[in-house]
Amino acid sequence: MHKDLRSFLTTLRNEKDIVEISAPVDANLELAEIHRRVIEEGGPALLFTNVKGSEFPVVTNLFGTVKRVELAFGPRPERLVRNLIGAMDKLMPPKLSSLWEHRVPLLDIARTGLKTIPRSKAPVAAVVEDQVDLHKLPVLTSWQLDGGPFFTLPLVYTEHPITKEHNLGMYRLQVQDKNRTGIHWQIQKGGGFHHHEAELRNQALPVTVFLGGPPALITTAIAPLPESVPELLFTSFLMGEKLEITDVAEHVHRLIAQAEFAFSGEVPAHVRHPEGPFGDHYGYYSWEHDFPIFNIKKMYRRKDAIYPATVVGKPRQEDYFIGDYLQSLLSPMFPVVMPGVKALWTYGETGFHSLAGAVVRESYYREAMAHAFRIMGEGQLTLTKFLMVTDIPCDLANFPTFLEIILERFNPQRDLLIVHDTSMDTLDYTGRKFNHGSKAIMLGIGDKIRDLPRDYTGGPIAGISKVKPYCGGCLVVSGGTFKSDEDLPNRLVQAAQDKLQEWPLVFLVDNADDITDQTTFLWTTFTRFDPAHDVYAIKSVRQNKLQFEGPIVIDARMKPFYPEELVPREDIVELVDRRWKEYFPS
């Protein structure tokens, strides 16, 4: 496992999986457009050594392929988690023989900790600047409607004002002044909880933001760990050695010694400032909202510091590959944390929170629903918008196969539950109100109740210009836009009683031809509807329960009140076209 960013870059050079770009590049839009094209082609990491207006090189696309994720983290973390989970059932209650048999994973845990080194030997403390000027850093602006340049890989460290339990999270920071940023603390985020506790006491919250360091820090910062798990210790556990830290007398927090940059300051209580818009990982802009601010007092850095960054946008970007790795790493823990949940997967193609799938135990009638409620109440999974659950073992990452298993067993009168007026992921605007929305649970359990159609033979449908099967039992159709024909899904429900009766699930989209694979299907559908507003069917109320008659029609068209889709600016596209051979002369 790598001790710092430099070790990882050396590995990438040895693997010939990083390209150095010495041509002058602008951090405003141009660099991001180069990055997007390279990641789309599964290309290498990029080291920009000549960024206009800054002395610091920028490295991006560090984790943009499965291979590089494996090079960054290696097999050790997955092996440790498997060994630990495998040992747990034999260690409770503890017996001397069992403790000895599983001494290796237990020793790994025992070695976990932090190593304090002298400040003089901590690379991050080599240069200290009291007059911080963030405008000298190569902070990226990725999309033309962004509110400004943003830190996109910040490691934000906070401590609870009373208990001193710490949190390491990744929350974007918009540069607002030379020594001030916004801090995008969303709901269900640990740093936001700490700030809330500080505000209850009318106190400013000390904050330290790191850039770079061991790649394991990035894994830890975005992993949905329980609040009680200390992220820095978990980083040491993943690395297999103690994370190095150093004390600085002028700041309340210790610094991660091997980081590239560290910014120390505080987030004042009860102060908010507009933040955004920002092109985010859902593939749309998130709008401007008021968020807390981060006042920076000092900047620490290496003498030859490298600025790490990423670019977010339509799936698949770097966050997709990191997210899938984390799911593979943590999935063995789900049955321990949530007994009865055998497998769980969230879909990066939908921004992760929009859709999740699970395989659960069904040992008595509707036990699956109890497990669904358990999932929806667990940490960041509480932000899940749509959850599909089965008791049939399957590869959840293969969504078409999983969806067919659900639809073969789905009884719309019994197996669809919509929960109104719930919290929603901050970046999801389908609920029509900031942080508000609804949720749905869809079950497909037990024996098959139907054979799924795979070809549409029902003939023309009024108002529909394109009908396209996605998988067995699921149709994608397109016709008029929401603005031109808002009532189309209601008419589609009526037509479904004749033309679509054998299809359990129908998605109404803007252009069915845009859907060519799993990524385009999931992004075009689940990021564009709210269950309470956009699920249509023949329905009735029986004993206070809303019951549906199939087919279920979901209106996944873009709505006029949704944020804009992320599209590069034309002149930047032309600029990068023209300069491509300058960036990559060989």
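Preceding this section is the structure that the text describes.
Keep in mind that this is a model prediction, so the values were computed, not measured.

A.B. asks: Can you help me understand empty space enclosed by the protein in this one?
C.D. replies: To find the voids left in a structure, one rolls a probe of water-molecule size over its atoms. Going through the model one piece at a time under the given rule, you end up with four cavities of 30 Å³ or more. The space that makes up the largest cavity amounts to roughly 80 Å³. Every residue along the wall of the largest cavity is listed here: Tyr-282, Tyr-284, Leu-427, Asp-428, Tyr-429, Thr-430, Thr-527, Met-558, Tyr-562 and Pro-563. Per-class residue counts for the lining of the largest cavity are seven nonpolar, two polar and one charged. Lining the second largest cavity we find Leu-5, Leu-62, Phe-63, Leu-153, Leu-155, Gly-212, Gly-213, Pro-214, Pro-215, Ile-218 and Pro-308. Tallied by class, residues from the lining of the second largest cavity come to nine nonpolar, two polar and no charged.

A.B. asks: What is the right way to read the pairing of strand S25 (residues 436-444) from this model?
C.D. replies: Of all nine residues in S25, eight are buried, a share of seventy percent or more. With five bridges connecting them, strand S23 (residues 386-390) and S25 associate as parallel partners. Bridging across to S25, Thr-390 finds its partner in Gly-444. In the sheet, strand S24 (residues 416-423) pairs with S25 via six bridges, with the strands oriented antiparallel. Bridge pairing in S25 places Ile-418 opposite Ala-440.

A.B. asks: What is the right way to read unusual backbone geometry from this model?
C.D. replies: With glycine set apart, most residues show a phi of negative sign, and most peptide bonds adopt trans. Here the residue pair Gly-276 and Pro-277 is connected by a cis peptide bond, since its omega of -5° sits within 30 degrees of zero. Of note, Asn-61 is a non-glycine position whose phi angle comes to about 60°, a positive value. Structurally, Asn-61 is set in the loop between strand S3 (58-60) and helix H3 (66-73). Residue classification places Asn-61 among the buried positions, given a relative accessible area of 0%. One non-glycine residue, Asn-435, lies in positive phi territory at about 70°. By the element assignment, Asn-435 lies in the loop between S24 and S25. Classification of Asn-435 by relative accessible area gives buried; the value is 17%.

Cut-offs and rules
- Residues numbered from 1 in each chain as written.
- Predicted model: local features only at pLDDT ≥ 70, side-chain atom pairs only at ≥ 80, totals over all residues.
- Heavy atoms only, no water.
- 1 Å grid on protein atoms, 1.4 Å probe; cavity = no way out; pocket = protein on both sides within 12 Å on 5 of 7 lines; lining within 4 Å.
- Points joined across faces, edges and corners; volume = space filled by probe spheres on them.
- Nonpolar A, V, L, I, M, F, W, Y, C, P; charged D, E, K, R; others polar.
- Buried < 20%, exposed > 50% of the residue type's maximum accessible area, 1.4 Å probe, protein only.
- Helix = DSSP H or I, 4+ residues; strand = E, 2+ residues; numbered from the N terminus.
- Pairing = 2+ DSSP bridges.

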